[in-house]
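# Geometric and topological summary
Residue strings, one per chain:
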Amino acid sequence: MDLRLPSKVLEHIFSFVDSNEDRNSVSLVCKSWFETERLTRKRVFVRNCYAVTPAAVARRFPEMRSLTLKGKPHFADYNLVPDGWGGYAWPWIEAMAEKSPALEELRLKRMVVTDECLEKIAASFKEFKALVLTSCEGFSTDGLAAIAVACRNLRELELRECIVEDLGGDWLSYFPETLTSLVSLDFSCLDSEVKLSDLELLVSRSPNLKSLKLNRDVSLDALGSLLRLAPQLVELGTGSFSDKLDQEAVSKLSQAFTELKELKSLSGLWDVLPEYIPLLYSVCPGLTSLNLSYATVQMPDLVELLSRCSNLQKLWVMDLIEDKGLEAVASSCKELRELRVFPSGADVDETNVALTEQGLVSVSEACPNLESVLYFCAQFTNEALVTIARNRPNLKCVRLCVMEPFAPDHKTQQPLDEGFKAIVEGCKGLQRLSVSGLLTDKAFEYIGTHGKKLRMLSIAFAGDSDLMLHHLLSGCESLNKLEIRDCPFGDTALLENAAKLETMRSLWMSSCGVSFGACKLLSQKMPKLNVEVIDEHPLKTRPDSSPVEKIYIYRTLAGPRLDMPEFVWTIHKNPEIGVSNLAIE
Amino acid sequence: MEGSSRNGEISPKLLHLIPQGRRNWFHHEKASVYNTEEKNLELKLGPPGEDEDEDGSSMIRRIKKEPKDKSILSLAGNHHFSPSITTNKPTSQKRNAPGPVVGWPPVRSFRKNLANGSSSKLGNESTSNGVVIKNQKCDDDNGREKPVEPKRQGGLFVKINMYGVPIGRKVDLSAHDSYEQLSLTVDKLFRGLLAAQRESLSFGEEVKPITGLLSGNGEYTLTYEDNEGDKMLVGDVPWHMFVSSVKRLRVIKTSEIFSALTYANGKQENMGS
């Protein structure tokens, strides 16, 4: 008797399985589940664009409608990955244009996207609906114009923190009059001015527009007229908030804000003048997300604003908020889930000293739902970390950046080992951790012992020896991404734990002591890993003992990539051939 | 393709491929692979101000040292990390040059310099600092005049560092109109911080004010760097000329005036270098 469920039934059941992780699990059960799952998966996530080939993805998921890709390693955000390293979107777009022309959504992060890519998208995908580019680069506003003019059903166009060659604001005028489907538009990272009349026309014919994020160039006056055209907005990113307005304009703007009954998220607020902060009071009670990380507002004004945001769940702010401001947040924003405090100064020596560990302690005490923290601070103490862990065992993400490398506990002068021990021990569900300050190998022994759910770990200027890496690789069972810079270890732990690397997405190490010989060994013995050596100052001869500048190791089914620049080297799997810059010779 | 099994049965122990001599770390709890004779891989990670040591244990020494006698805070001064990498390759950009470390602090570039109040978007041309100095009255809704005070946006903030204090501050020059006023502000900003660095101060002892910044008589002297990179004593030129050319301020020890102003690089007070 055939006990297998008919595929139609399976399909129906799988249609309720949404999350990617669940779908991945489903596909591992048996062949027929694998088949049915792959034929019904609509949203595909490829978290390392070099882990698999575009053709393989297109082949496996013929019904794919939405593709999410990530390219460069995370440390590229901090300029540690040289330009030209890779992460090109073109091969993917080209492949999908041919094999998955029904594609509707493309979400790319840290990838190189050219105007040709955008033109190809515009020309190839008739039903294209959503383009979301995060931290991407390589394109100009001309490419945007191509998308605007051709994608008749466009719903989302979002450029989040991209580096765009800005040739002017004309691109916006290319949206045809027939386009009325826009739901989300984010051009906050663009430099130049768009024509207000084009923007007004676009907004007024987009009744479904829920999210609008303007660039800095859009004036306060313009904001007023746009808000009047789109009172249904749920997410708003303002432009510059600093023009001088006359009485009448101010009260009109104030009125426009009070009409935003649905607003949940507010960002932008560049250069916001303190006297305009009260304009925002009317929307505060409804806000769940507030990004003040571009607003150079001082603490007293911040407190005035935040004390009205009783439903706030996500707050991004600069260290101008100071401890006092965070105390106010603690008492007003009981629903807070995510807090990010960014440094206002450009250098370590400009850190605002009125923001200390106490600020974070206050918030951890008072906000029961706090799960995710990113905190830049001049210095910290073990006591504070212990308190935070005790207050908030439900923390899932802790990214602490003590601004000065090697800074010890500023009260006891001890390393911060015990503090981070408390964090990993107390916060049993911790998934992401960034450590900083003075740390010995002990800290990593603790992390290896307790950080069982840890998936991503970032380390800089820490540890004493290879033991540090060994603890992490042998202890952290769920470890998926590990990124390390400027730590004093060499090859041994890496080679001892080589098998672990195939269970992880990627490992980044820069300015450590890994030798070229170890890289060769690793690459030759671990066929499913790409071991890439990034070396901008190569030696004429490369002895095995020479340390490499940076290595990026990731698991892959696609083999060594073919698009490496001259400063990236991969070790050929065949030891006869040795080091190569091209994968195939 | 040979595969390594997921369950680790044939997981390659590559350790055996490493020459015997370098495997010792695993058996010695505290030994650092760092301390081997492999000078080629030796890294120096001493904090600023460390004396060069020839073995790799500067890191460990640093932890054990009770820095009461030499507070890390007193390491502000001349120093930058100096690597003792004996191979020809620097493994960390920061070690070879004074100045900011690449990628540290880990903040995306567009977030930097937001608090300076200077931006080409604001159309600033009025000073060579590129920052508009605004000083305006503003009527509030009821027609009452608000008190006159310089607005924060467009305020002329310059960095100021002081010898012996690791954390710099910012001064809004547009909120001052004379050197005396500036001198008072410097005292206010740093008096407490400086006292905190000094081990000799016992609790309750009165904190000394910082005086004589402009006269050359005090323990400290106020200097500045102008828009051409020249370092000069504060107080020589008319106030408005000073404000339009100053790029940053430094409070140095009066005894160091000669060296501070003469050498092109000056003292590196950057803890982060």
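Source: prediction; values computed, not measured. (Residues numbered from 1 in each chain as written. Chains lettered and ligands numbered in written order. Predicted model: local features only at pLDDT ≥ 70, side-chain atom pairs only at ≥ 80, totals over all residues. Heavy atoms only, no water.)

Across its full length, chain A carries 20 helices and 24 strands. Burial statistics for chain A: of 585 residues in total, 62% are counted as buried. Nonlocal contacts in chain A, meaning residues at least 24 apart in sequence, comprise 69% of its contacts between residues at least 6 apart. If you sum the accessible surface of chain A, you get close to 21400 Å²; carbon and sulfur atoms cover 51% of it. If you average the places of the 65 positive and of the 81 negative side-chain charges in chain A, the two averages end up 8 Å apart. (Helix = DSSP H or I, 4+ residues; strand = E, 2+ residues; numbered from the N terminus. Buried < 20%, exposed > 50% of the residue type's maximum accessible area, 1.4 Å probe, protein only. Contact = heavy atoms within 4.5 Å. Areas by Shrake-Rupley, 256 points an atom, 1.4 Å probe, with all protein chains shown as cover. Lys, Arg positive; Asp, Glu negative; His and termini not counted. Charge placed at Lys NZ, Arg CZ, Asp CG, Glu CD.)

This next bit is on the overall build of chain B. Scanning chain B from N- to C-terminus turns up five helices and seven strands. Counting helices and strands in the order they occur from the N terminus, chain B gives α-α-β-β-β-β-α-β-β-α-β-α.

On to the packing of aromatic side chains. Residue and element names in this part refer to chain A. The tally for this structure, following the rule as stated, stands at 23 aromatic pairs over all chains. With a centroid separation of 6.0 Å and an interplanar angle of 55 degrees, the aromatic rings of Phe75 and Tyr78 are classed as tilted. We classify Phe75 as buried; its relative accessible area is 6%. Each ring, one from Trp171 and one from Phe175, has its centre 6.4 Å from the other, and the planes form 65 degrees; the classification is edge-to-face. (Phe/Tyr/Trp six-rings, centres within 6.5 Å; stacked < 30°, edge-to-face > 60°.)

Two side chains of opposite charge can pair, provided their charged atoms sit close to one another. Residues and elements named next belong to chain A. Within this structure, the stated rule accounts for 31 salt bridges over all chains. The partner of Glu127 in a salt bridge is Lys129, with the nearest N and O atoms 3.8 Å apart. Owing to a relative accessible area of 37%, Glu127 belongs among the partly exposed residues under this scheme. The closest approach of N and O atoms between Arg561 and Glu532, which form a salt bridge, is 2.7 Å. On the criterion of sequence distance, the pair formed by Arg561 in the loop between strand S22 (550–555) and strand S23 (568–571) and Glu532 in strand S21 (residues 529–534) is long-range, its members being 29 residues apart. Of the two residues examined, Arg561 and Glu532, each falls in the buried class. (Salt bridge = Lys/Arg side-chain N within 4 Å of Asp/Glu carboxyl O.)

Residues and elements named next belong to chain A. Tracing the backbone shows Thr381 in the loop between strand S15 (372–377) and helix H14 (382–391). Since its relative accessible area comes to 2%, Thr381 is described here as buried. In this structure the side chain of Thr381 is engaged in a polar contact, spanning 3.0 Å, whose partner is the backbone nitrogen of Ala384. Sequence-distant contacts of Thr381, defined by excluding residues within four places in its chain, comprise Glu357, Asp409, His410, Lys411 and Leu416. (Polar contact = N/O pair within 3.5 Å; in protein donor to acceptor, adjacent residues only side chain to side chain.)

The next subject is a negative patch on the surface. Taken together, the side chains of Glu116(A), Glu119(A), Asp142(A) and Glu165(A) make up a negatively charged region of the molecular surface. Here Glu165(A) is to be found in strand S7 (residues 163–165). (Patch = residues over 30% accessible without salt bridge, like charges linked within 9 Å, V, L, I, M, F, W, Y side chains within 5 Å.)

Attention now moves to the nonpolar core. Ranked by size, the top nonpolar core spans 184 residues in total, and within it Leu290(A), Phe380(A), Leu433(A), Ile459(A) and Leu482(A) carry the most contacts. When near neighbours in sequence (up to four residues on either side) are disregarded, Leu290(A) contacts Leu266(A), Leu269(A), Leu305(A), Leu306(A), Cys309(A), Leu312(A), Lys314(A), Leu315(A) and Trp316(A). Listed in part, the 25 residues of the second largest apolar core include Val158(B), Leu173(B), Tyr179(B) and Leu222(B). (Core = buried A, V, L, I, M, F, W, Y, C linked by side-chain atoms within 4.5 Å.)

Most of helix H17 (residues 466–475) of chain A is tucked away, with nine of its 10 residues classed as buried. Those residues of H17(A) that are buried are in contact with helix H16 (441–450), strand S18 (456–460), strand S19 (481–485), helix H18 (492–496), helix H19 (498–501) and strand S20 (506–510) of chain A.

Residues and elements named next belong to chain A. It is at 9 Å that the axes of helix H15 (residues 417–426) and H16 come closest, and there the two elements cross at 5 degrees. Classified by the angle their axes make, H15 and H16 are roughly parallel. Mapping the contact onto sequence places Asp417, Glu418, Lys421, Val424 and Glu425 in H15 and Lys442, Ala443, Tyr446, Ile447 and His450 in H16. Taken together, the residues of the contact of H15 with H16 sort by class into four nonpolar, one polar and five charged. (Axes fitted to C-alpha atoms, helices over the stretch in contact; angles between N-to-C directions. Parallel < 35°, antiparallel > 145°, perpendicular 65-115°, else oblique. Nonpolar A, V, L, I, M, F, W, Y, C, P; charged D, E, K, R; others polar.)

All names here are of chain A. The buried count for helix H12 (residues 322–332) comes to eight of 11 residues, which makes it a mostly enclosed element. Among the residues making up H12, those that are buried are Glu322, Asp323, Gly325, Leu326, Ala328, Val329, Ala330 and Ser332. Check the buried side of H12 and you find it contacts helix H11 (299–306), strand S13 (314–318), strand S14 (338–342), helix H13 (357–366) and S15.

All names here are of chain A. Orientation of helix H9 (residues 220–229) relative to helix H10 (residues 247–258), taken along the N-to-C sense of each, is 40 degrees, at an axis distance of 9 Å. With respect to their mutual orientation, H9 and H10 come out oblique. When the axes of H9 and H10 are compared, the crossing they make is left-handed. Residue-level contacts link Leu220, Asp221, Leu223, Gly224, Leu227 and Arg228 of H9 to Ala249, Lys252, Leu253, Ala256 and Phe257 of H10. The class makeup of the residues in the contact of H9 with H10 is seven nonpolar, one polar and three charged. (Left-handed = near helix turned anticlockwise from the far one by under 90°.)

Residue and element names in this part refer to chain A. A contiguous nonpolar surface patch, about 230 Å² in accessible area, is contributed by Leu5, Val9 and Ile13. Mapped onto the elements, Val9 comes out in helix H1 (residues 7–14). By relative accessible area, Val9 is classed as partly exposed at 35%.

On to the pairing of strand S5 (residues 220–226) of chain B, then. All names here are of chain B. Buried residues dominate S5, accounting for six of its seven residues. With three bridges connecting them, S5 and strand S6 (residues 231–233) associate as antiparallel partners. Considered in S6, the bridge of Glu225 is made with Lys231. The turn linking S5 back onto S6 is made up of four residues, and Gly229 within it adopts a positive phi angle of 85 degrees. (Pairing = 2+ DSSP bridges.)

In the segment running from Trp104(B) into Pro105(B), the intervening peptide bond is cis, with an omega of -5 degrees. Relative to the assigned elements, Pro105(B) resides in the loop between helix H2 (93–96) and strand S1 (135–136). At Leu269(A), a position not held by glycine, the phi torsion is positive, near 55 degrees. By the element assignment, Leu269(A) lies in the loop between strand S11 (265–267) and strand S12 (289–291).

This part is about the environment of Leu312(A). Residue and element names in this part refer to chain A. Note that Leu312 resides in the loop between H11 and S13. The spacing of Leu312 and Leu360 is 48 residues in sequence and 16 Å in space, taken between C-alpha atoms. Excluding its chain neighbours within four sequence positions, the residues that come into contact with Leu312 are Leu287, Thr288, Ser289, Leu290, Leu306, Cys333, Glu335 and Leu336.

All names here are of chain B. Summing up the model confidence of chain B, the mean pLDDT is 56 and the portion of residues at 70 or higher is 37%. S5 holds the highest mean pLDDT among the elements of chain B, 89, whereas S1 holds the lowest, 30. Counting contacts from residues 116–154, a segment whose pLDDT is below 50, to residues more than four positions away or on other chains yields 72 contacts. Under a pLDDT of 50 for its full length, residues 264–273 has, in the predicted model, 34 contacts with residues more than four places off or in other chains. (pLDDT = per-residue confidence, 0-100.)

You can see Thr440(A) is positioned in the loop between strand S17 (432–434) and H16. Distance from Thr440(A) to Gly463(A), taken between C-alpha atoms, is 4.3 Å for residues 23 residues apart in sequence.

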